[in-house]
Amino acid sequence: MILKGRESCSPRFSPYLLPSDVPEVLTHLKNHGLNDLQSRMFTVAKEYFSLPLDEKLLYPITKQNEGYISLGQEKLDTAAKQNEAGPKVLIDQKECYNILKRTTKDDVPKILQENFALIEEFRWRSYSLCMQLLKYLAISFEIDENYFTEKHDWSADGGDLLRLLHYPPTDKTAIRAGMHSDYGSFTLLFQHENEGGLQVFDRHQNEWYNVEPCEDMCVVNTGDMLEYWTNGFVKSTIHRVMPLINNQDKDRYSIAFFSIANNHTLLTPIKAKFLVNGYQIYQKDEHAKDVFDYENRKVITAGEHLQMRLNRTYK
Ligand SMILES: O=C(O)CCC(=O)C(=O)O
Ligand SMILES: [Fe+2]
């Protein structure tokens with residue numbers, strides 16, 4: 001089920017697509033089996049975000065990356081600078097609630113507590129779907145099919161994250177979520193019909209394109225960890241959320257699940273035959289130089305990488 005850029009497809013990886021040129025691996029995933037849970041999750045998220053701000057602030061974001069992130073607290077595009085032509089407000093115009101894999105019913109606000117069985121199921125099913133994708137990816141690279149999934153052990157320490165997002169009405173002087181790549185391996189993005197704004201950077205055409213939201217499909221992004229493991233062969237998806245003319249004055253909701261490798265996992269490249277033939281030299285990408293500009297990249301663990309990215313993101 002890996003296809004390039006704009007194409008959508010059925011949920012199957014094709015190993016034959018991998019050895020060709022895969023600039024970024026973004027695709028829509030259909031028949032993922034989460035549709036019903038997804039719409040119930042959106043109802044809960046809307047109810048949660050409609051709470052008064054002081055109630056939401058009772059569960060502020062922690063060092064472990066759990067809890068409420070208020071409007072203006074996160075700046076995903078850490079390199080963004082103001083310029084004449086661009087948006088004037090560079091801090092993300094969004095609020096989020098982060099739920100970790102360790103988060104229990106006792107850790108969350110009442111409205112989430114009341115729906116925790118649903119949240120737990122959604123979190124687990126999203127994780128399982130990512131594990132399936134990681135298996136397909138390993139098979140595509142002709143390495144042990146459990147190679148990646150073993151690095152995502154649910155019972156080990158790690159940053160896997162379910163995130164509820166709300167973008168309040170804004171205008172074109174602001175950005176909703178700045179340009180960034182995700183920090184983990186695969187990300188699943190669940191979106192609402194008619195609530196567009198997600199854009200992906202096409203490195204070949206050097207342009208942004210809109211990812212149309214389809215309620216029965218989720219968007220799959222590749223994250224930094226896959227870029228490290230494949231030595232830059234699979235690129236992490238550079239994306240952002242912009243106010244669009246037809247919806248900037250409306251609320252936008254989305255839900256993301258980030259699969260993230262266990263803290264102790266080293267991000268050293270895999271030994272796959274495709275990578276030996278021509279991909280052993282990692283090329284830093286122009287649009288990701290802030291993201292990948294780390295010294296001693298090869299000894300970084302997933303936990304260190306995550307912490308570094310989080311430190312840069314929060315104001
Ligand atoms: O809201 C979206 O569609 C994207 C959110 C996102 O990219 C993120 O939280 O990392
Ligand atoms: Fe993202």
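Residues numbered from 1 in each chain as written. Chains lettered and ligands numbered in written order. Predicted model: local features only at pLDDT ≥ 70, side-chain atom pairs only at ≥ 80, totals over all residues. Heavy atoms only, no water.

This brings us to the UniProt feature "domain: Fe2OG dioxygenase" (unreviewed entry) in the protein. Following the UniProt record, one finds the feature "domain: Fe2OG dioxygenase" (unreviewed entry) at residues 158–261. Here residues 158–261 is 6% helix and 40% strand, with 6 Å between the C-alpha atoms at its ends. (UniProt positions renumbered as here; feature names shortened; annotations may be inferred. Helix = DSSP H or I, 4+ residues; strand = E, 2+ residues; numbered from the N terminus.)

Of note, D182 is situated in the loop between β5 (177–180) and β6 (186–191). Separated by 2.8 Å, the side chains of D182 and T187 make a polar contact. Aside from chain neighbours lying at most four places away, what touches D182 is T187, N221, G223, D224, T237, H239 and F258. (Polar contact = N/O pair within 3.5 Å; in protein donor to acceptor, adjacent residues only side chain to side chain. Contact = heavy atoms within 4.5 Å.)

This brings us to the pairing of β6. Of all six residues that make up β6, six are buried, and the element is covered over most of its length. Alternating residues of β6 divide into F186, L188 and F190 and T187, L189 and Q191, and every residue in both groups is buried. Pairing analysis gives four bridges linking β6 to strand β9 (residues 217–222), with the strands arranged antiparallel. Looking at β9, one finds that L188 is bridged to V220. (Buried < 20%, exposed > 50% of the residue type's maximum accessible area, 1.4 Å probe, protein only. Pairing = 2+ DSSP bridges.)

This part takes up the site of ligand 1. Surveying the vicinity of ligand 1 reveals the residues R163, L165, Y167, H180, D182, L189, Q191, H239, V241, R252, S254 and F258. Note that an oxygen atom of ligand 1 is positioned 3.2 Å from one of the side-chain N or O atoms of R163. Contact between ligand 1 and S254: an oxygen atom at 2.6 Å from a side-chain N or O atom of the residue. Contact with the protein chains removes 99% of the 300 Å² of surface that ligand 1 exposes when unbound. Residue assignment for the shell around ligand 1 shows that the elements contributing at least two residues are β4 (161–167), β6, β10 (239–241) and β11 (252–258). Among the residues making up the shell around ligand 1, the classes are represented as five nonpolar, four polar and three charged. (Near = heavy atom within 4 Å. Areas by Shrake-Rupley, 256 points an atom, 1.4 Å probe, with all protein chains shown as cover. Nonpolar A, V, L, I, M, F, W, Y, C, P; charged D, E, K, R; others polar.)

Empty space among the atoms becomes apparent when a probe as large as a water molecule is rolled across them. Here the second largest pocket is characterised by a volume of approximately 240 Å³. What lines the second largest pocket is a set of 13 residues, and nearest its centre among them are Q64, L100, G158, G159 and N263. In terms of residue count, helix α8 (residues 302–313) provides more of the lining of the second largest pocket than any other element does, four residues in total. Within the lining of the second largest pocket, the residues separate by chemical class into three nonpolar, seven polar and three charged. (1 Å grid on protein atoms, 1.4 Å probe; cavity = no way out; pocket = protein on both sides within 12 Å on 5 of 7 lines; lining within 4 Å. Points joined across faces, edges and corners; volume = space filled by probe spheres on them.)

With that out of the way, let us pick up the packing of aromatic side chains. One pass over the full model with this rule turns up 10 aromatic pairs. Ring geometry for Y48 against Y97: centres 5.3 Å apart, planes inclined by 75 degrees, an arrangement best described as edge-to-face. Of this pair, Y48 sits in helix α1 (residues 35–49) while Y97 sits in strand β3 (residues 95–100), placing them 49 residues apart in sequence. For Y48, a relative accessible area of 0% puts it in the buried group. Joined through ring pairs, the aromatic side chains of Y48, F49, Y68 and Y97 make up one cluster. Between K151 and the ring centre of Y147, over which it is positioned, the NZ or CZ distance is 3.9 Å. It is R240 that lies over the ring of W208; its NZ or CZ is 4.0 Å from the centre. (Phe/Tyr/Trp six-rings, centres within 6.5 Å; stacked < 30°, edge-to-face > 60°. Lys NZ or Arg CZ within 6 Å of the ring centre and 35° of its normal.)

The next subject is the pattern of salt bridges. A complete count under the given rule lists nine salt bridges for this structure. E114 is the partner of K110 in a salt bridge, and the nearest nitrogen-oxygen pair spans 3.0 Å. Of the two residues, K110 and E114 are both situated in helix α3 (residues 110–114); the distance of four residues between them amounts to about one turn of the helix. For K110, a relative accessible area of 58% gives the class exposed. Since its relative accessible area comes to 53%, E114 is described here as exposed. Here E120 ties to R123 by a salt bridge, and the two come within 3.9 Å at their closest N and O atoms. (Salt bridge = Lys/Arg side-chain N within 4 Å of Asp/Glu carboxyl O.)

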